Amino acid sequence: INLHGSDVGQSVVFASTYRGEGSSYVSYNCARYISTLVNRKVAWIDCDFQNPNKKLQNNTLTIKGMLLDPQSVPDLDKDPELVVVGNGPQSIKVMDLLKGPNLRAVLDRLQRNCYFVILDAGPIMDSVEVAHLAQDTLGLILVIQSNRLKHEVVQHGLDRLRDHNVDILGTVLN
C-alpha cells in the first residue's frame, strides 16, 4: 500500500513458484483486507489461465472477456468494495492478448475505477504468461510455501521473471 503514490489505481500480480502454495488464498485475502482498510474499491482477478478457479467460471465479469474486448470493461461505480473477476470459459490465445495492447487497455480501465487491481496468476515455473502479466503492473509478489521448496528453485523462478524485466515487490512466506 505504501507503494501506491497516485490517484490512479495500481495493479499488482501475486504468483507462486509451483501450484498449491496458496497464492490465490493470500492474494484474495489481501484484496479483501485492502478494500476494508482503505475503504476503496479493489478488484481481484483470476489470471491463472492454465488452472482457473472453477467456482468463478460462471461470473459474468471475466478477464478473458475483457482481454478480447477491452472496451467491455464496465464502469464499477455500483459494485461492492471488493470486485471479483473470474477467468472465463472462452477459449482464447492468451499470450497474444497479453503481449499486445489489450492487457494494458484493460488494466488502464480497471485502474480508473479501483484503488488496487490484484491479479492472481498461475505458478511462475509453469508458464511465461505470469511474466507478461506482471510487466504492465507495479510488480509481482511471490507466495512461497515455507516447507515445500528449496532456495535454488525459488531463485531460478525469480531469475526467469527478472529476465522479462518484472519488478519483484516481495515475498509472502505461507
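Going by the structure above, here's the rest.
(A) The overall build of the chain, seen in detail. Within the chain one finds six helices and six strands. Taken from N to C terminus, the helices and strands of the chain fall in the order β-α-β-α-β-α-α-β-α-β-α-β. Relative to a compact globule of 174 residues, whose C-alpha radius of gyration would be 16 Å, the chain shows 15 Å and is just as compact. Considered along the principal axes of its C-alpha atoms, the chain spans approximately 45 × 35 × 30 Å.

(B) Inspection of the pairing of strand 1 (residues 10-16) at higher detail. Within strand 1, seven of the seven residues are buried, which leaves it mostly tucked inside the rest of the structure. Here strand 1 shows a buried face lined by Gln10, Val12, Phe14 and Ser16 and a second buried face lined by Ser11, Val13 and Ala15. Relative to strand 5 (residues 139-144), strand 1 runs parallel, the two sharing five bridges. Bridge pairing in strand 5 links Ala15 to Leu142.

(C) Inspection of the nonpolar core at higher detail. Within the largest apolar cluster, 39 residues are counted, with the highest numbers of intra-cluster contacts made by Ile63, Leu133 and Leu140. Ignoring any residue separated from it by four or fewer positions in sequence, one finds Leu133 in contact with Val13, Cys47, Phe49, Leu98, Leu103, Leu119 and Ala121. Judged by nonpolar contacts, the second largest core, of 14 residues, contains Val42, Leu56, Leu82 and Ile141.

(D) Representation of helix 4 (residues 101-113) in the model. An ideal rise of 1.5 Å per residue puts 18 Å on 13 residues; helix 4 measures up with 19 Å between its terminal C-alpha atoms. Buried within helix 4 are the following residues: Asn102, Leu103, Val106, Leu107, Leu110 and Gln111. Around the axis of helix 4, the buried residues are gathered within 160° of arc, so they sit on the same side. Those residues of helix 4 that are exposed and aimed more than 90 degrees away from the buried face are Pro101 and Arg112. On its buried face, helix 4 sits against strand 1, strand 2 (42-47), helix 2 (63-68), helix 3 (94-99), strand 4 (116-121) and helix 5 (129-135).

(E) Layout of the sheet that holds strand 6 (residues 168-173). Reading across from one edge, 3-2-4-1-5-6 is the order of the six strands in this open sheet, with parallel pairing throughout. Each edge of the open sheet carries a strand with a single partner, namely strand 3 (82-85) and strand 6. Put simply, the sheet's adjacent strands are angled 20° from each other on average, direction ignored. The sheet contact formed by strand 1 and strand 4 spans five bridges and is parallel. Across the sheet, residue Ser11 finds its bridge partner in strand 4, namely Val117. Strands in contact with helix 1 (residues 23-38) are strand 1, strand 2, strand 3, strand 4, strand 5 and strand 6; relative to strand 4, the strand with the most contacts, it is inclined by about 170°.

(F) Here's a closer look at the environment of Leu103. Here Leu103 is to be found in helix 4. A relative accessible area of 2% means that Leu103 is categorised as buried. In the structure, Leu103 is positioned 30 residues away from Leu133 in sequence and 7.7 Å away in space, judged by C-alpha atoms. Residues in contact with Leu103, not counting those within four places in the same chain, are Leu67, Leu97, Leu98, His132, Leu133 and Asp136.

(G) How the structure looks around the environment of Asn174. Looking at the secondary structure, you find Asn174 in the segment after strand 6. Linking Asn174 and Gln111, residues 63 residues apart in sequence, is a C-alpha distance of 28 Å. When near neighbours in sequence (up to four residues on either side) are disregarded, Asn174 contacts Glu21, Gly22, Val26, Val143, Ile144, Gln145 and Ser146. Looking at Asn174, its side chain comes within polar contact range of the main-chain oxygen of Glu21, at 2.9 Å.

Calculation rules
Residues numbered from 1 in each chain as written. Predicted model: local features only at pLDDT ≥ 70, side-chain atom pairs only at ≥ 80, totals over all residues. Heavy atoms only, no water. Helix = DSSP H or I, 4+ residues; strand = E, 2+ residues; numbered from the N terminus. Rg over C-alpha atoms; globule rule 2.2 N^0.38 Å. Buried < 20%, exposed > 50% of the residue type's maximum accessible area, 1.4 Å probe, protein only. Pairing = 2+ DSSP bridges. Core = buried A, V, L, I, M, F, W, Y, C linked by side-chain atoms within 4.5 Å. Contact = heavy atoms within 4.5 Å. Expected span 1.5 Å × (residues − 1). Arc of directions from axis to C-beta. Axes fitted to C-alpha atoms, helices over the stretch in contact; angles between N-to-C directions. Polar contact = N/O pair within 3.5 Å; in protein donor to acceptor, adjacent residues only side chain to side chain.

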